[in-house]
Amino acid sequence: YDEKAAIGRGMLHAAQLAAEEANARGGYHGLPFRVMPRTDLVLWGQSSNELVGFALDDHVWAVLSSLNSNHNHVLSRATLKLMVPIVSAGSTDPTLVEHSIPWLVRCINDDRQAAYVLLAELARRGLERTALLRVNDRDGRTGVMELVEGARRVGRPIILEQRYDEGANEFGPELRRIREMDPDSLVVWGNPREAGAAVREARALGLRVPIFGFSRLQEDTFLKAAGEAAEGVTVIATMNPQRADPRWTGFRQRYQQRWGEPPDTFAAHAYDGMELILGAVRRGGL
């Protein structure tokens with residue numbers, strides 16, 4: 001929860017920055033935009049209550065949702081009744097938008113797309129015996145789903161899938177089992193601190209194979225947890241934070257000035273998501 005809360009705070013700050021900038025440009029015909037924050041760090045299923053609060057207490061026009069796929073799926077079902085437009089800026093669960101709800105959209109690449117890129121990179125390097133270590137939750141299960149199926153379809157199936165509980169600190173039994181299978185590569189899917197600790201332990205156990213990970217490993221928390229073991233890890237990410245695109249560098253500078261820290265990938269997507277909402281209000285009215 002601490003890791004997800006940190007990512008969520010960055011997303012909230014980005015959304016607030018987008019609203020502040022829109023208000024500086026005149027808001028909606030002189031009316032200011034307001035961001036009404038509610039948490040999704042509640043028991044699974046209670047997110048529907050938060051959406052009811054958004055709709056009936058806060059009277060919002062749209063919702064920008066965060067990264068936990070469980071809560072995003074609950075929101076999607078609740079909005080079938082409440083009809084509140086939702087822009088998902090953090091969930092990479094490929095199944096989220098498969099319900100064809102017309103007022104639910106996503107503005108971040110999903111794990112299906114990431115899996116295709118990762119499979120292509122594994123093939124480019126000639127790696128054929130890939131092991132998988134993932135967190136045992138919905139995000140982990142759906143996150144690697146297309147990777148596992150895609151590897152099977154191209155004739156290079158995942159040789160072993162090991163799971164660990166969210167919040168785990170030690171991964172010895174899982175990693176030793178992976179080592180026994182003699183893989184030529186390892187994919188890690190999980191939250192950044194856990195993934196970093198797992199990569200560090202994998203190197204300590206003598207696993208010298210190339211290691212790959214999904215977008216959450218792009219967080220600084222991963223680098224701190226992995227230490228020197230992070231060197232050489234390949235991350236399939238939803239954006240490149242080192243690119244020179246002036247839209248990205250301009251946002252990064254404004255975010256740094258407003259909040260005193262640099263934005264991460266999820267903050268960038270949250271800013272885009274809020275821009276989509278604000279643009280839709282300006283274009284379509286209330």
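Check the entry above for the structure.
Structure report, in brief.

### Describing the overall build of the protein chain
A tally of regular secondary structure across the protein chain gives 11 helices and 8 strands. The C-alpha radius of gyration computed for the protein chain amounts to 20 Å, which stays within 12% of the reference 19 Å derived for 286 residues, consistent with globular compactness. With the C-alpha coordinates aligned to their principal axes, the bounding extent of the protein chain is approximately 65 × 40 × 35 Å. With 286 residues in all, the protein chain has 51% of them scored as buried. Here the protein chain has roughly 14000 Å² of accessible surface; of this, 51% comes from carbon and sulfur atoms.

### Remarks on the packing of aromatic side chains
Taken as a whole, this structure holds 5 aromatic pairs when the rule is applied. Between Trp189 and Phe214, the ring centres sit 6.1 Å apart and the planes meet at 50°, which makes this aromatic pair tilted. Of this pair, Trp189 sits in strand β6 (residues 185-189) while Phe214 is found in the loop between β7 (211-213) and α9 (220-226), placing the two residues 25 residues apart along the sequence. Note on accessibility: Trp189 and Phe214 belong to one class, buried. Ring plane angle 40° and centroid distance 4.7 Å describe the contact between Phe251 and Tyr271, whose orientation is recorded as tilted. Of this pair, Phe251 sits in helix α10 (residues 246-259) while Tyr271 sits in helix α11 (residues 265-284); the two residues are 20 residues apart in sequence, bridging distant segments of the chain.

### Some words on the sheet that holds strand β5 (residues 160-164)
Read across the sheet, 5 strands follow the order β5-β4-β6-β7-β8 without closing on themselves; strand pairing throughout is parallel. Single-partner strands in this sheet number two, and they are β5 and β8 (234-235). In the sheet, β6 pairs with β7 via 3 bridges, with the strands oriented parallel. Looking across to β7, one finds that Leu186 is bridged to Ile211.

### Observations concerning the packing of helix α2 (residues 47-57) against helix α3 (residues 69-82)
One can describe the packing of α2 onto α3 by two numbers: an axis separation of 8 Å at closest approach and a directional angle of 45°. It follows that α2 is oblique to α3 by the angle criterion. Two packed elements cross with a definite hand, and for α2 against α3 that hand is right-handed. The segment α2 lies against α3, with Ser47, Ser48, Leu51, Val52 and Ala55 engaging His71, Val74, Leu75, Ala78, Thr79 and Leu82.

### What about the pattern of salt bridges?
Two side chains carrying opposite charge are able to pair once their charged atoms lie near each other. Applying the stated rule across the entire model yields 19 salt bridges. For the salt bridge of Asp93 with Arg138, the shortest nitrogen-to-oxygen distance reads 3.4 Å. Of this pair, Asp93 sits in the loop between β2 (86-88) and β3 (104-106) while Arg138 is found in helix α5 (residues 138-143), placing the two residues 45 residues apart along the sequence. Since its relative accessible area comes to 1%, Asp93 is described here as buried. Linking Glu149 and Arg152 is a salt bridge whose minimum nitrogen-to-oxygen distance equals 2.7 Å. Placement of both Glu149 and Arg152 in helix α6 (residues 145-153) is noted, with a separation of 3 residues, approximately one turn of the helix. The exposure class of Glu149 is partly exposed, given its relative accessible area of 31%. Salt bridges sharing common partners tie together Arg38, Glu50, Asp57 and Asp58.

Reading the values: the criteria
Residues numbered from 1 in each chain as written. Predicted model: local features only at pLDDT ≥ 70, side-chain atom pairs only at ≥ 80, totals over all residues. Heavy atoms only, no water. Helix = DSSP H or I, 4+ residues; strand = E, 2+ residues; numbered from the N terminus. Rg over C-alpha atoms; globule rule 2.2 N^0.38 Å. Buried < 20%, exposed > 50% of the residue type's maximum accessible area, 1.4 Å probe, protein only. Areas by Shrake-Rupley, 256 points an atom, 1.4 Å probe, with all protein chains shown as cover. Phe/Tyr/Trp six-rings, centres within 6.5 Å; stacked < 30°, edge-to-face > 60°. Pairing = 2+ DSSP bridges. Axes fitted to C-alpha atoms, helices over the stretch in contact; angles between N-to-C directions. Parallel < 35°, antiparallel > 145°, perpendicular 65-115°, else oblique. Left-handed = near helix turned anticlockwise from the far one by under 90°. Contact = heavy atoms within 4.5 Å. Salt bridge = Lys/Arg side-chain N within 4 Å of Asp/Glu carboxyl O.

Without other data, these values stay purely geometric and don't point to any function.
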